[in-house]
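Summary of structural features
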Number of protein chains: 4
Amino acid sequence: MAIKVGVLGAKGRVGSAVVAGVKQADDLELVAEVDQDDSLEALVENGAEVVVDFTTPGAVMGNVEFCIGHGIHCVVGTTGFDDARYDQVREWLEGQEGTGVLIAPNFAISAVLTMAFARQAAPFFESAEVVEYHHPNKLDAPSGTAIKTAQGIAEARRQAGLPTIPDATEQSLEGARGSDVDGVRVHAVRMTGMVAHEEVIFGTRDQSLTLRQDSYGRESFVPGVLAGVRQVAQHPGLTVGLDKYLGI
Amino acid sequence: MAIKVGVLGAKGRVGSAVVAGVKQADDLELVAEVDQDDSLEALVENGAEVVVDFTTPGAVMGNVEFCIGHGIHCVVGTTGFDDARYDQVREWLEGQEGTGVLIAPNFAISAVLTMAFARQAAPFFESAEVVEYHHPNKLDAPSGTAIKTAQGIAEARRQAGLPTIPDATEQSLEGARGSDVDGVRVHAVRMTGMVAHEEVIFGTRDQSLTLRQDSYGRESFVPGVLAGVRQVAQHPGLTVGLDKYLGI
Amino acid sequence: MAIKVGVLGAKGRVGSAVVAGVKQADDLELVAEVDQDDSLEALVENGAEVVVDFTTPGAVMGNVEFCIGHGIHCVVGTTGFDDARYDQVREWLEGQEGTGVLIAPNFAISAVLTMAFARQAAPFFESAEVVEYHHPNKLDAPSGTAIKTAQGIAEARRQAGLPTIPDATEQSLEGARGSDVDGVRVHAVRMTGMVAHEEVIFGTRDQSLTLRQDSYGRESFVPGVLAGVRQVAQHPGLTVGLDKYLGI
Amino acid sequence: MAIKVGVLGAKGRVGSAVVAGVKQADDLELVAEVDQDDSLEALVENGAEVVVDFTTPGAVMGNVEFCIGHGIHCVVGTTGFDDARYDQVREWLEGQEGTGVLIAPNFAISAVLTMAFARQAAPFFESAEVVEYHHPNKLDAPSGTAIKTAQGIAEARRQAGLPTIPDATEQSLEGARGSDVDGVRVHAVRMTGMVAHEEVIFGTRDQSLTLRQDSYGRESFVPGVLAGVRQVAQHPGLTVGLDKYLGI
């Protein structure tokens, strides 16, 4: 039987892509589309089992409290969460042990897997660097995802007791070796025509391993959101980060 | 304190690279180099704690029995193992519960990780294909590694209940879509100058994930063998495949 | 002074992207948008110097005849041209020596360059193969572009007197080595999320050269059309193929 | 009939690889191997038609003068040439119009083609960046080849009247955007296991073009040297750079 899904922020750019994705999936049934002036009661009236929330930092906490109170599982991509907010969600969940809440900053499943695999691979290689590629209108360099990926690699190397990454560079043009994120070099390429791409390269004796993630369009978050919707009921309590659902 | 290591087949191409690798590692001490006419007693006399075996299918079982009998851990890359041989090794290990034996067909750590990550990623993507690249003197196509990678992907897709990979091709030149390994397409490129390279590509809505492994030289197995040597004491009993040691 | 441009088929998917591209370019001025029920006289009345035609095989010949008759240069991406049509265009041009007509099957400048560079590189490498990647709804495999690329490589190898590409394969799964296009192997990957991508790989002693073209969206023809518009006045007579304009 | 070849510096690392390459080529005949204490007369006595020089800056000028004086064509990979030396060679050649001298800083044909193609492609793309990858023992970053590639792109953009490469970066970690070579960003990756690799990326509307060169071993210069040997007789006078021979 199909899972009954409600979407909050259903008319936003992200929400409307989620609506379309749910409609196309045979195992999911869209029962409620709620936008900013609509009542949350529609979720209850239509029997939503899982709610997807891509709204605003100002609205999301009220939405999550309502859903938990009605035993509806939540998959949340809205930004603005910090430890205080996570604690609040955990508190609301205390009386609702069967209810699951997934809050994730990134639902692009290829990016989430790249980060997870990078942490797993890191202990086995002498060298590791990150190169990210984005369109030239991006304001920050490197991307937040690339920085997080490098931090994960650095942390995994520390735990494995690896030494500093070898680098004999003596003579360098300024910036040639990229930025230094916890000892891992990160390079940012800006290229008209590209969307969002990340390459993580590991090297050791006579070999290298490259993890590459390419986003070709603006709806790369949809498969990850649907994976979250399908699994949230099996993960009661609060989960932060989609990787916890991926069995890796 | 350094782990005391003996190498069997120490004068072979592979064995001599292992010897060099052990010598270079600060945390390992080479205590015995044994080749075909040498006595295995040198292992005991010199206090070997771990033995690496890259010998021949005819010699390896005697070597493993001797080591288990003396409580020496084994890291084995010699080919020719089948279920009967695995059962025999397990039998020998019955009276020696603290001893570990690792038998692995592939110690190239980047290739082993690529296969492991491919299985993990497979459930989350609609499409998956494998492209392998080798020098033009290779006799078989696709490579054994590429076939195993595809089989792992196919198995992971089945377990996750995924449908057939989408492919609307109606008109095709013979061979254009590659070979079919359990429903996963595998392509083999042969290229002067290349060594051994594999690319596993996954795709879903607006994104792709690529795992690429490059072997640039003939000693890419060394880091994996050393990883095995370092961990075999923590894995008593028989372990088949280096991936079991990688914590993934 | 900006070049005055008219667009035929201005309301079609391709034509409207050309319209937008012309509007954005500082050195071009859009003076006429003509669609199927509009009169061609608008081109003359508004002083169009160059016309872009993305219409239909049924309409294009009349359009080109009209433009040549009025001394208007033409950049044509409409399909359906054969030798008889090219001869007809040349005949019309006889009385109009200063007028240029560019007819090209492919305006994606990265694809056009990839094909041109592949022909140039081919004589210097022992091995050459082509791998193309497209979305899984594509009906033919390999793509027409990949076939043309392989034919260009094969022709360049013949002219340079190169022998057959080395390949020792003895044992092969059916299709593993791809399709054979004039002796050059061509592989087709079908991948959800991808758009249109082509990789041409050349190998010789200890090295390889890879030419890769990625189309991320449906408007990759625009820069090539604009390059054609800017240069057509300097190329009187009929030119077939954008590569003739690229100075390569 | 095979071309008769002499090799100067025949016992050096590079020279001995050239010797082996000439021996393997059906259309070339090795007639003299000369090293530092040997007499150049062996070249004349054995009828060398072409001489390959990989010696030292101190020896090369004497060698070239001798060869020109005897009407022997020269293919020179020795370093240390400047404008004064080129002028000297041109002067020696004045009385020997039929003799060809090729002096090239780089004979790795894939690298030479990458540089040449990069200059050709540059005018047609809004964006261009270079990423080079080397083993971690390299002392300089970026590589000389990558810097020259970027300079070639910058020069081609200037000649085509292109504006500055677009880049909206406002907030950046130091070094993230690479080094700035004449307005083209160049990134250097250092990776255990890798040898020498260069990637030149161009982007414009909805597409990118990537030129990638991989050196897998230390003898990637051999095919370029042999190409020079085969063609030097058809290029009388002084030629600087192998690209002049490649017909591109």
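Since we're looking at a predicted model, the values are computed, not measured. (Residues numbered from 1 in each chain as written. Chains lettered and ligands numbered in written order. Predicted model: local features only at pLDDT ≥ 70, side-chain atom pairs only at ≥ 80, totals over all residues. Heavy atoms only, no water.)

**Overview of the overall build of chain A**
Counting secondary structure elements, chain A contains seven helices and 13 strands. C-alpha atoms of chain A, sized along the principal axes, occupy 70 × 40 × 35 Å. By residue count, 59% of the 248 residues in chain A fall in the buried class. Pairs at least 24 residues apart make up 72% of the contacts formed inside chain A by residues separated by at least 6 positions. Carbon and sulfur atoms make up 46% of the accessible area of chain A, which amounts to about 9600 Å² in all. Of the charged side chains in chain A, 19 are positive and 34 negative, and the gap between their average positions amounts to 5 Å. (Helix = DSSP H or I, 4+ residues; strand = E, 2+ residues; numbered from the N terminus. Buried < 20%, exposed > 50% of the residue type's maximum accessible area, 1.4 Å probe, protein only. Contact = heavy atoms within 4.5 Å. Areas by Shrake-Rupley, 256 points an atom, 1.4 Å probe, with all protein chains shown as cover. Lys, Arg positive; Asp, Glu negative; His and termini not counted. Charge placed at Lys NZ, Arg CZ, Asp CG, Glu CD.)

**Quick notes on the pattern of salt bridges**
Per the counting criterion, the structure on display carries 48 salt bridges over all chains. Its salt-bridge partner being D87(A), residue R90(A) comes within 3.1 Å of it at the nearest N-O pair. Of this pair, R90(A) and D87(A) both sit in helix α4 (residues 83–93), three residues apart, which is roughly one turn of that helix. Residue classification places D87(A) among the partly exposed residues on the basis of a relative accessible area of 45%. Residue D243(B) pairs with K244(B) through a salt bridge whose shortest N-O separation is 3.7 Å. According to the relative accessible area criterion, D243(B) is buried, its value standing at 19%. Counted as one network, the salt bridges with shared partners bring together R119(A), D243(A) and K244(A). (Salt bridge = Lys/Arg side-chain N within 4 Å of Asp/Glu carboxyl O.)

**Things to note about the nonpolar core**
For soluble globular proteins, the rule of thumb is that nonpolar side chains tend to be buried together. Grouped together as the largest cluster of nonpolar side chains are 102 residues, with contacts concentrated most on F202(A) and F202(B). Residues in contact with F202(B), not counting those within four places in the same chain, are A118(B), A121(B), A122(B), F125(B), S127(B), A128(B), I153(B), Q207(B), S208(B), L209(B), L211(B) and M191(C). By size, the runner-up hydrophobic cluster in this structure holds 99 residues, among which are A118(C), A146(C), F221(C) and V181(D). (Core = buried A, V, L, I, M, F, W, Y, C linked by side-chain atoms within 4.5 Å.)

**Comments concerning helix α1 (residues 13–24) of chain C**
Residue and element names in this part refer to chain C. Between its first and last C-alpha, α1 extends 17 Å over 12 residues, near the 16 Å set by a 1.5 Å rise per residue. When we look at burial in α1, the residues that qualify are V14, G15, A17, V18, V19, G21 and V22. Buried residues in α1 make contact with β1 (3–8), β2 (28–34), β3 (50–53) and α7 (222–231). (Expected span 1.5 Å × (residues − 1).)

**A word on the side chain of E198(D)**
Residues and elements named next belong to chain D. Examined against the element boundaries, E198 turns out to sit in strand β11 (residues 196–204). A polar contact is formed between the side chain of E198 and the side chain of T149, at a distance of 2.9 Å. Apart from residues lying up to four places away in sequence, E198 is in contact with T114, V130, V131, E132, T145, A146, T149, L211, R212 and Q213. (Polar contact = N/O pair within 3.5 Å; in protein donor to acceptor, adjacent residues only side chain to side chain.)

**A few points about the sheet that holds β2(C)**
All names here are of chain C. Pairing in this open sheet of six strands is parallel, and the strands run β2-β1-β3-β4-β5-β13 from one edge to the other. Among the strands making up the open sheet, the edge pair consists of β2 and β13 (237–240). The sheet shows a mean angle of 20 degrees between the axes of neighbouring strands, taken without regard to direction. Across the sheet, α1 is in contact with β1, β2 and β3; its angle to β2 comes to roughly 150 degrees. Contacting β5 (100–103) and β13, helix α4 (residues 83–93) runs over the sheet at an angle of about 155 degrees to β13. (Pairing = 2+ DSSP bridges. Axes fitted to C-alpha atoms, helices over the stretch in contact; angles between N-to-C directions.)

**Some details on the interface of chain A and chain B**
If you look at the interface, chain A gives 32 residues, while chain B gives 32 residues. A buried area of about 2800 Å², summed over both sides, lies between chain A and chain B, and 57% of it is on carbon and sulfur atoms. Between R205(B) and E219(A) there is a salt bridge; the shortest N-O distance is 2.3 Å. For the pair chain A and chain B, the number of links is 20 residue pairs in polar contact (both at pLDDT 80 or more). Per element, the largest residue contribution to the side of chain A that touches chain B is nine residues, and it comes from strand β12 (residues 207–215) of chain A. Broken down by class, the residue content of the side of chain A that touches chain B amounts to 14 nonpolar, 12 polar and six charged. Two strands pair when backbone bridges link them, and β12(A) and strand β12 (residues 207–215) of chain B are joined in this way by nine bridges, in the antiparallel orientation. Looking across to β12(B), one finds that S208(A) is bridged to D214(B). (Buried area = accessible area lost by both parts, 1.4 Å probe. Nonpolar A, V, L, I, M, F, W, Y, C, P; charged D, E, K, R; others polar.)

**A few points about the interface of chain A and chain D**
On the chain D side, the residues contacting the 47 residues of chain A number 47 residues. If you sort the residues of chain A by the area they bury against chain D, L139(A), M191(A) and T192(A) come out on top, with a joint share of 17%. The tally of links from chain A across to chain D stands at zero salt bridges. At the surface where chain A touches chain D, the tally comes to 24 residue pairs in polar contact (both at pLDDT 80 or more). Listing elements by their share of the side of chain A that touches chain D, those giving two or more residues are β6 (127–134), β7 (140–141), β8 (171–172), β9 (179–181), β10 (184–190), β11 (196–204) and β12 of chain A.

**Re empty space enclosed by the protein**
Using the criterion set out here, one finds one cavity of 30 Å³ or more in the structure. The space that makes up the largest cavity amounts to roughly 680 Å³. Around the largest cavity, the lining is made up of 36 residues, and of these E199(A), E199(B), R212(B), E199(C) and E199(D) lie nearest the centre. Going through the elements one at a time, β11 and β12 of chain A, β11 (196–204) and β12 of chain B, β11 (196–204) and β12 (207–215) of chain C together with β11 and β12 (207–215) of chain D are the ones with two or more residues in the lining of the largest cavity. Residues belonging to the lining of the largest cavity are distributed by class as follows: 16 nonpolar, eight polar and 12 charged. (1 Å grid on protein atoms, 1.4 Å probe; cavity = no way out; pocket = protein on both sides within 12 Å on 5 of 7 lines; lining within 4 Å. Points joined across faces, edges and corners; volume = space filled by probe spheres on them.)

**Notes on the UniProt feature "domain: Dihydrodipicolinate reductase C-terminal" (unreviewed entry) in chain A**
Using the residue numbers shown here, the UniProt feature "domain: Dihydrodipicolinate reductase C-terminal" (unreviewed entry) corresponds to residues 111–246 of chain A. Across residues 111–246 of chain A, helical content stands at 28% and strand content at 32%; the span's end C-alpha atoms are separated by 12 Å. (UniProt positions renumbered as here; feature names shortened; annotations may be inferred.)

**Details of the relation of the copies chain A and chain B**
Placing chain A over chain B gives an RMSD of 0.1 Å and needs a rotation angle of 180 degrees, together with 0.0 Å of translation along the axis. This pairing of chains is accounted for by a two-fold axis. Considering only C-alpha atoms, the residue of chain A closest to the rotation axis is L211(A), which sits at 2.5 Å. A share of 100% of the interface residues of chain A reappears at the interface of chain B, consistent with the copies meeting face to face through the same patch. (Least-squares fit on C-alpha atoms with pLDDT ≥ 70 in both.)

**Thoughts on the state of the cysteines**
A covalent bond bridging the sulfur atoms of two cysteines is what the word disulfide describes. One pass over the full model with this rule turns up zero disulfides over all chains. We note that C67(A) lacks a disulfide partner, and the nearest cysteine sulfur, in C74(A), lies 4.0 Å from it. (Disulfide = S-S within 2.5 Å.)

**A short note on the packing of aromatic side chains**
For the coordinates displayed, the defined rule picks out 20 aromatic pairs over all chains. A centroid spacing of 5.4 Å and a plane angle of 35 degrees characterise the contact between F125(C) and F202(C), whose relative ring orientation is tilted. In this pair, F125(C) sits in the loop between α5 (109–121) and β6 (127–134) while F202(C) sits in strand β11, placing the two residues 77 residues apart along the sequence. For the pair formed by F125(C) and F202(C), the shared burial category is buried. Among the aromatic residues, ring-to-ring pairing joins F54(A), F107(A) and F221(A) into one connected group. In this structure, R212(A) packs its charged tip against the face of Y133(A), placed 5.1 Å from the ring centre. Geometry around F81(B) places R85(B) over its ring, the cationic atom sitting 5.9 Å from the centre. (Phe/Tyr/Trp six-rings, centres within 6.5 Å; stacked < 30°, edge-to-face > 60°. Lys NZ or Arg CZ within 6 Å of the ring centre and 35° of its normal.)

**So, the UniProt feature "binding site: (S)-2,3,4,5-tetrahydrodipicolinate" (unreviewed entry) in chain A**
All names here are of chain A. The feature "binding site: (S)-2,3,4,5-tetrahydrodipicolinate" (unreviewed entry), as given by UniProt, occupies H135, G144 and T145 in the numbering adopted here. Along the chain, the position of G144 falls in helix α6 (residues 144–160). The exposure class of G144 is partly exposed, given its relative accessible area of 39%. Position of T145 relative to the elements: it lies in helix α6. When sequence neighbours within four positions are dropped, the list of residues in contact with T145 reads N106, M115 and E198.

**Some words on the packing of α5(C) against helix α6 (residues 144–160) of chain C**
All names here are of chain C. Packing of α5 against α6 brings their axes to within 8 Å, and their N-to-C directions diverge by 20 degrees. One finds that α5 runs roughly parallel with respect to α6. The chirality of how α5 crosses α6 is right-handed. Between α5 and α6, the contacting residues are M115, A118 and R119 on the first element and T145, K148, T149, G152, I153 and A156 on the second. When its residues are assigned to classes, the contact of α5 with α6 shows four nonpolar, three polar and two charged. (Parallel < 35°, antiparallel > 145°, perpendicular 65-115°, else oblique. Left-handed = near helix turned anticlockwise from the far one by under 90°.)

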